Amino acid sequence: MGPAAGAEGPAGSALSAPRLVAAAREELGAGRRWRLPAARALQLAGEVLAVAAGLKPALLYDCGAAGPAELRRYLARLREAGLAPRRLHLLGAEGSALLLHPGLARRRLAAVLRARPAPFMDVSAGRQCPALCGPAEAESIRGHLATLLAHLGAAEAAATGPVSSSEVVPAGWNLCTIVGVLLGYPAAYTFSVEEGAENCLALTPLRVFTVQASCPRIRDGLRVQIYSFSIPESLCAELKEVLDAWCDELKEAFSVQNDFVDLCILSEVVSLPAVAL
């Protein structure tokens, strides 16, 4: 995979980079000694815009200890600056915060529930090598995804205002798997929670996919990382149809938006001494 054709150019108005940086620093880092670097603040704004533009179903907020209230104020500041006019949803789960494109996230969950074979990769520590989940494990994960889909449907029905929010209690869920699905990855890792968070990916060849695009609306030359995920190289042949469909859907979504240009989808094979999920 290589560079992909993009839209002709951004139709939206230019955004003020200083305002976007100030919004992140003042709302997400207020009262703390920690100061968000300007480059990370612009990247975060770009990721929010990618969700709002329908290029990915969700983003996982990992820039600090801000809670839902701080994130809602931050999103309000972004809207004031002209970014993300569409409604978004904040989902809390065991201390994690995800920002969702409500419709796209629900469609993604529904698609994974229909998918055969199930796009779940078992990397439990007790395995010699990664493998697609068996029917019983896959059905258990589908049950959790169905519960989440119902939760998001109810939250959508009750939503008012530009940013809605809800909290889900993931009883017995493997959050690594659920988050991977919500983030729009074509296949998600799972592992036996009884064995802890350890996995069998150490020194395993992994094909790492990276998706970037330029966002001149925020700043000329700004490259925003939209996706980054890995698939064990040994499973790429089994998942070829899934990967091809994901790539085609991303290119289609990119062709109907006006916020980003110059889409680039790259992949490389790496082997690491340890892999944290």
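Model, not experiment: these values are computed from the prediction.

**Side note on the confidence of the model for the protein chain**
For the protein chain, the average pLDDT comes to 90, and 92% of its residues sit at 70 or higher. Mean pLDDT in the protein chain bottoms out at helix 3 (residues 68-80), which sits at 90, and peaks at strand 8 (residues 206-214), which reaches 98. Taken together, the stretch residues 5-11 has pLDDT below 50 and engages in 14 contacts with residues farther than four places along the chain or on a different chain.

**Notes on helix 2 (residues 38-52)**
When the terminal C-alpha atoms of helix 2 are compared, their 21 Å separation across 15 residues agrees well with the 21 Å that a helix rising 1.5 Å per residue should span. Counted residue by residue, helix 2 has 12 buried out of 15 residues, so it is predominantly covered. Within helix 2, the full set of buried residues consists of A41, L42, Q43, L44, A45, G46, E47, V48, L49, A50, V51 and A52. Once helix 2 finishes, G54 follows within two positions and takes phi at roughly 85 degrees, a positive value.

**Section: the pairing of strand 9 (residues 223-232)**
In terms of burial, strand 9 is largely enclosed, as 7 of its 10 residues are buried. Note: strand 8 against strand 9, 9 bridges, orientation antiparallel. Residue T210 lies in a different strand from strand 9, and its bridge partner there is S228.

**Description of the sheet that holds strand 5 (residues 131-132)**
Spatially, 3 strands are ordered 5-4-7 in an open sheet, and the strand pairing comes out mixed. What marks the edges here is a single partner per strand, and that holds for strand 5 and strand 7 (188-190).

**A few points about the packing of helix 1 (residues 17-28) against helix 2**
Where helix 1 contacts helix 2, the axes come no closer than 9 Å and their chain directions differ by 100 degrees. As summarised for this structure, helix 1 and helix 2 are arranged roughly perpendicular, according to the angle between their axes. Of the residues in helix 2, those touching helix 1 at A17, L20, V21, A24, R25 and L28 are A38, A41, L42, L44 and A45. Partitioning the contact of helix 1 with helix 2 into residue classes produces 10 nonpolar, no polar and 1 charged.

**Some details on the packing of aromatic side chains**
Evaluated as defined, the whole model comprises 5 aromatic pairs. Both rings, one in F209 and one in F229, keep their centres 5.2 Å apart while their planes meet at 15 degrees; by these two values the pair is stacked. Remark: F229 occurs in strand 9 and F209 occurs in strand 8; sequence separation between them is 20 residues. Residue F209 is classed as buried on the basis of its relative accessible area, which comes to 4%. Look at F229 and W246: their rings are 5.1 Å apart centre to centre, the planes differ by 85 degrees, and that puts the pair in the edge-to-face class. With F229 in strand 9 and W246 in helix 7 (residues 240-255), the pair connects residues that are 17 residues apart, well separated along the chain. When sorted by exposure, F229 lands in the same class as W246, which is buried.

The rules we used
Along each chain, numbering runs from 1 in the same order as the chain's sequence is written. Given that this is a predicted model, residues contribute local features only at a pLDDT of at least 70 and side-chain atom pairs are listed and counted only at 80 or more, while totals for whole chains, interfaces and linings are drawn from all residues. Just so you know, side-chain values use all the structure's heavy atoms and leave hydrogens and water out. What pLDDT reports is the predictor's confidence in each residue, on a scale of 0 through 100. Under the DSSP-based scheme used, a helix requires at least four consecutive residues in state H or I and a strand at least two consecutive residues in state E, with every element numbered from the N terminus. Working rule for contacts: check all heavy atoms of both residues, and any pair within 4.5 Å makes them a contact. Working rule for helices: expected span equals 1.5 Å times residues minus one. For the exposure calls, accessible area comes from a 1.4 Å probe over protein chains only, and a residue counts as buried if that area is under 20% of its type's maximum, exposed if over 50%, partly exposed in between. Strand pairing requires that DSSP identify at least two bridges connecting the strands. The axes are straight lines fitted to the C-alpha atoms, using for helices just the contacting stretch, and the angles between their N-to-C directions are given from 0 to 180°. For classification purposes, an angle smaller than 35 degrees is called roughly parallel, one larger than 145 roughly antiparallel, one from 65 to 115 roughly perpendicular, and anything else oblique. Under the scheme applied, nonpolar residues are Ala, Val, Leu, Ile, Met, Phe, Trp, Tyr, Cys and Pro; charged residues are Asp, Glu, Lys and Arg; polar residues are all the others, including Gly. Aromatic pairing here means that ring centres of Phe, Tyr or Trp (its six-membered ring) are within 6.5 Å. Orientation follows from the plane angle: under 30 degrees is stacked, over 60 is edge-to-face, and everything else is tilted.

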